[in-house]
Amino acid sequence: MHVVQGVTGSGKTIVYFHAIKKILERSKQCLILLPEIGLISQFEKKFTEFFGFNPAVWHSGITPRKRKIIWSGVASGLIKVVIGARSSLFLPFKKIGLIVIDEEHDQSFKQDEGVIYNARDMAIARANFENIPINLVTSVPSIETYANVKKNKYSISRLIKRYKNDD
């Protein structure tokens, strides 16, 4: 478990994009969990600009046809990256190599209707089970994450300055 902590604009996303790039070079799959569906389209654009391809997008608003396509693409290993909300954690990844939880502190990762669970905690459990790395990305760590850093259960990288773009 690794925590990437930094102020807004410090380059946290670029840090984990480089981690994803290394995983993709090893022909593995990646899952990026975002707390809100509303954040996905802007994030998808940033992802596509960096990587040059579109990731699969998974959330409650996608059509049943698209769900079926993504489900089978993930299961077969053809889909390499999924950006999604809580439920994307349950996709049948064939060769998952990295999970990223962006805004890990966000309370929206808690599902409190139907089956009650915390997607952040489930992602940590899945990463443990799959024996793969997980990046918990945040400006202010959750209490649980902070406690695990203090106990040296999680490593941490802190980005303390805003990233300056010299273009």
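Up top is the structure these notes are about.
All of the points below concern the structure found in this document. Worth saying up front: this structure is predicted, and the values here are computed from it rather than measured.

**Considerations on the environment of R126**
Along the chain, the position of R126 falls in helix 4 (residues 119-130). Taking relative accessible area as the criterion, R126 reaches 16% and is therefore assigned buried. As for R126 and L89, which are separated by 37 residues in sequence, their C-alpha atoms are 8.5 Å apart. The contacts of R126, once residues within four sequence positions are left out, are L89, F90, L91, F93 and I99. In terms of polar contacts, R126 uses its side chain to reach the backbone carbonyl oxygen of L89, at 2.5 Å.

**Focus on the sheet that holds strand 3 (residues 56-58)**
Reading across the sheet, the 7 strands line up as 3-4-2-5-8-1-9 and stay open at both edges, with parallel pairing between neighbours. Each edge of the open sheet is held by one strand with a lone partner, namely strand 3 and strand 9 (155-159). Across the sheet, the mean angle from the axis of one strand to that of its neighbour is 20 degrees, orientation sign disregarded. The pairing of strand 2 (residues 29-33) with strand 4 (residues 81-84) spans 4 bridges and is classified as parallel. Note that in strand 4 the partner of L31 across the bridge is V82. Packed onto the sheet, helix 1 (residues 12-25) meets strand 1 (2-6), strand 2, strand 4, strand 5 (96-102), strand 8 (134-138) and strand 9 and runs at close to 170 degrees relative to strand 5. Strands in contact with helix 3 (residues 64-76) are strand 2, strand 3 and strand 4; relative to strand 3, the strand with the most contacts, it is inclined by about 120 degrees.

**Digging into unusual backbone geometry**
Most peptide bonds take the trans configuration, and most residues that are not glycine carry a negative phi. The backbone of N131 sits at a positive phi, close to 60 degrees, despite the residue not being glycine. Non-glycine residue N152 carries a positive phi angle of around 60 degrees. Note on placement: N152 falls in the loop between helix 5 (143-150) and strand 9. Overall, N152 belongs to the exposed group, its relative accessible area being 68%.

Analysis parameters
- Residues numbered from 1 in each chain as written.
- Predicted model: local features only at pLDDT ≥ 70, side-chain atom pairs only at ≥ 80, totals over all residues.
- Heavy atoms only, no water.
- Helix = DSSP H or I, 4+ residues; strand = E, 2+ residues; numbered from the N terminus.
- Buried < 20%, exposed > 50% of the residue type's maximum accessible area, 1.4 Å probe, protein only.
- Contact = heavy atoms within 4.5 Å.
- Polar contact = N/O pair within 3.5 Å; in protein donor to acceptor, adjacent residues only side chain to side chain.
- Pairing = 2+ DSSP bridges.
- Axes fitted to C-alpha atoms, helices over the stretch in contact; angles between N-to-C directions.

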